[in-house]
Amino acid sequence: MHIHGEDHNEKREGNDEDLHIDETKINFDLPREWRTSRYHPLDNIIGDISKGVTTRHSLKDYCNNMAFVSKIESKSLKEAIIDEHWIIAMQEELNQFERNNVWELVEKLDNYPIIGTKWVFRNKLDENGTVIRNKARLVAKGYNHEEGIDYEETYAPVARLEAITKLLAFASIMDFKLYQMDVKSAFLNRFIQEEVYVDQPPGFENSDMPNHVFKLKRALYGLKQASRAWYERISKFVLEKDFSRGKVDTSLFIKRKLNDILLVQIYVDDIIFGSTNESLCKEFSQVM
């Protein structure tokens, strides 16, 4: 908790009543000094509290000097297309498409629905709140889907908060570590059964074939069936590795080996896992 006003360091030698702050005497005029109360040790504060709040506007000049990432999270393609860092992020996303053989460019079919695409921009932060990566994701405009044509089944189970809480409690009781794993471009790892066509990525249209569209071979973020397709693939893979599926929570997978147990909880493309034997965690990480 941050407070400002008259200095109360001289009162620390007194009792608790001496540390009471009279709110009527607090000066709210700027500039103001930011300090901490005795209930929040300085060692627990991340960053420099004297800086106050950092706003989007105040970062503009600072981010111009950054060599690797953009500190400003673009809100639209118009903003991103003039920033070299976001252009690189978008190109990295399309490179993932190429590596995973996600689609193929074909002629546009008459009287067949074409699903639009759009870019979504997010800054990835570390534990200190520092931007470490610019993530651009191309997603399908799922609201254009037509049931029975673009998709059939959409349901995919995800971990409930209660299940994750119980897993954390169990790990604490059994005194073992939990690890987190993020599957990069998870939805691009699953083939889709339906015949789906999407527009070319905005800003990256093929100049020789601007009227062509992409026919999807694999699931794309934003498709209604994408999460289900991914869950089917990851669950099938895990079950083939001698795991059993939880009866109450189907996003929990359990593997027993002698007296040890390995628990894997899946939430879309995020995975947390832990074991009473750390060698099982290393084995699972290598397999994944």
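*Asks:* Mind laying out the nonpolar core, listing which residues take part and the relevant values?
*Replies:* In terms of nonpolar packing, the biggest core is built from 23 residues, with W103, L216 and L223 touching the most fellow members. At the level of secondary structure, the elements contributing two or more residues to this core comprise α3 (84-99), β4 (117-125), β5 (131-140) and β8 (213-216). Looking at this core element by element, the count peaks at five residues for α3. If we skip the residues at most four places from it in the chain, W103 touches L94, F97, E98, L138, V198, P201, F214, K215, L216 and K217.

*Asks:* Describe the layout of surface pockets, listing the residues and the values that go with them.
*Replies:* When its volume is computed, the second largest pocket comes out at roughly 360 Å³. Lining of the second largest pocket is provided by 15 residues; of these, A163, K166, D249, L252 and Q265 occupy positions nearest its centre. Only α4 (161-174), β10 (252-257) and β11 (260-267) provide two or more residues apiece to the lining of the second largest pocket. Taken together, the residues that form the lining of the second largest pocket break down as eight nonpolar, two polar and five charged.

*Asks:* Quick one: what's the story with the confidence of the model for the protein, residue by residue and with numbers?
*Replies:* Taken over all residues, the pLDDT of the protein has a mean of 75, while the share at 70 or more is 67%. The weakest mean pLDDT in the protein belongs to strand β1 (residues 2-3) at 43; the strongest belongs to strand β3 (residues 103-106) at 92. Contacts for the low-pLDDT stretch residues 1-31, under 50 throughout, to residues beyond four places or in other chains number 33 contacts. Here residues 59-66 is modelled with pLDDT under 50, and outside its nearest four sequence neighbours on either side it reaches nine contacts, counting other chains as well.

Scoring rules and cut-offs
- Residues numbered from 1 in each chain as written.
- Predicted model: local features only at pLDDT ≥ 70, side-chain atom pairs only at ≥ 80, totals over all residues.
- Heavy atoms only, no water.
- Core = buried A, V, L, I, M, F, W, Y, C linked by side-chain atoms within 4.5 Å.
- Buried < 20%, exposed > 50% of the residue type's maximum accessible area, 1.4 Å probe, protein only.
- Helix = DSSP H or I, 4+ residues; strand = E, 2+ residues; numbered from the N terminus.
- Contact = heavy atoms within 4.5 Å.
- 1 Å grid on protein atoms, 1.4 Å probe; cavity = no way out; pocket = protein on both sides within 12 Å on 5 of 7 lines; lining within 4 Å.
- Points joined across faces, edges and corners; volume = space filled by probe spheres on them.
- Nonpolar A, V, L, I, M, F, W, Y, C, P; charged D, E, K, R; others polar.
- pLDDT = per-residue confidence, 0-100.

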